[in-house]
Amino acid sequence: MRVLYLYCHPLPESFHAAIRTEALAALAAAGHEVDLLDLYAEGFDPVLSEDGRRRYHDESRNQQGLEPLIARLRAAEALVVQFPTWSFGPPAMLKGFFDRMFMPGVGFDISNPAAVKPLLGHIRSITGIVTYGRPFWYALYMGDPPKKIVMRYLWWFTGRKAKRRYLALYHLNVATQEQRTGFIARVRAAMAGV
């Protein structure tokens, strides 16, 4: 399967980098074709500029400058999204990716605004790999926006047909080495069946 691995963390020495290394190895071992899209390393600009917003609904112009990234998204059969939770949401870099990439003509068809249609039906699997600095109960109290983004928002773009999986490590700030190792093992196992 062609997997777009959307990675969002700025530090190469982070726990997230260790997770990514193991996840990519597991995907390769399972025979998947992986396209790593590291938003920070690739210098993605998450800002929806004034000009970008003005042409957002104009499908003849809204993709200008984003064509290579759009091609990568369109080529994917599976999407893996890995990120830390900051302020009970995804990092601004990742939020900007969604704002700029999931646009009319790419993520959805808005030719009839009363009946918007998803356009990413070629994606058959979505996996979120997410860490939190706070415990599960606190994320639940806040409504757990990262989980909703992966399990509801991204899923909608596939026509609500993609298989969904959410792997979360809550309270990372106090997680033991055993808990961290166990989480990486869960991620490895999940990647075999993407």
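So, here is what we can say about the structure in this document. Just so it is clear, the model here is predicted, and its values are computed rather than measured.

So, about the overall build of the chain. If you tally the helices and strands in the chain, you get seven helices and seven strands. Reading the chain from its N terminus to its C terminus gives the helix and strand order β-α-β-α-α-β-α-β-β-β-α-α-β-α. Against the globule reference of 16 Å for 194 residues, the chain gives a C-alpha radius of gyration of 17 Å, in line with a compact fold. Across its three principal axes, the chain shows a C-alpha extent of roughly 50 × 40 × 30 Å. Burial analysis of the chain (194 residues in total) assigns 49% to the buried set. The contacts in the chain between residues at least 6 apart in sequence include a share of 77% that link residues at least 24 apart. Here the chain holds 24 positive side-chain charges and 17 negative ones, and the gap between their average locations is 8 Å.

Okay, the packing of aromatic side chains next. Counted by the stated rule, this structure contains 14 aromatic pairs. With a centroid separation of 6.2 Å and 70° between ring planes, the pair formed by F97 and F98 is classed as edge-to-face. Classification of F97 as buried rests on a relative accessible area of 1%. You can call F98 buried: its relative accessible area is 3%. Here the basic side chain of R164 rests over the ring of W155, its NZ or CZ set 3.6 Å away from the ring centre. The ring of F15 has R180 lying over it, and the distance from NZ or CZ to the ring centre is 5.0 Å.

The rules behind the values
Residues numbered from 1 in each chain as written. Predicted model: local features only at pLDDT ≥ 70, side-chain atom pairs only at ≥ 80, totals over all residues. Heavy atoms only, no water. Helix = DSSP H or I, 4+ residues; strand = E, 2+ residues; numbered from the N terminus. Rg over C-alpha atoms; globule rule 2.2 N^0.38 Å. Buried < 20%, exposed > 50% of the residue type's maximum accessible area, 1.4 Å probe, protein only. Contact = heavy atoms within 4.5 Å. Lys, Arg positive; Asp, Glu negative; His and termini not counted. Charge placed at Lys NZ, Arg CZ, Asp CG, Glu CD. Phe/Tyr/Trp six-rings, centres within 6.5 Å; stacked < 30°, edge-to-face > 60°. Lys NZ or Arg CZ within 6 Å of the ring centre and 35° of its normal.

Purely geometric numbers; function is a separate question.
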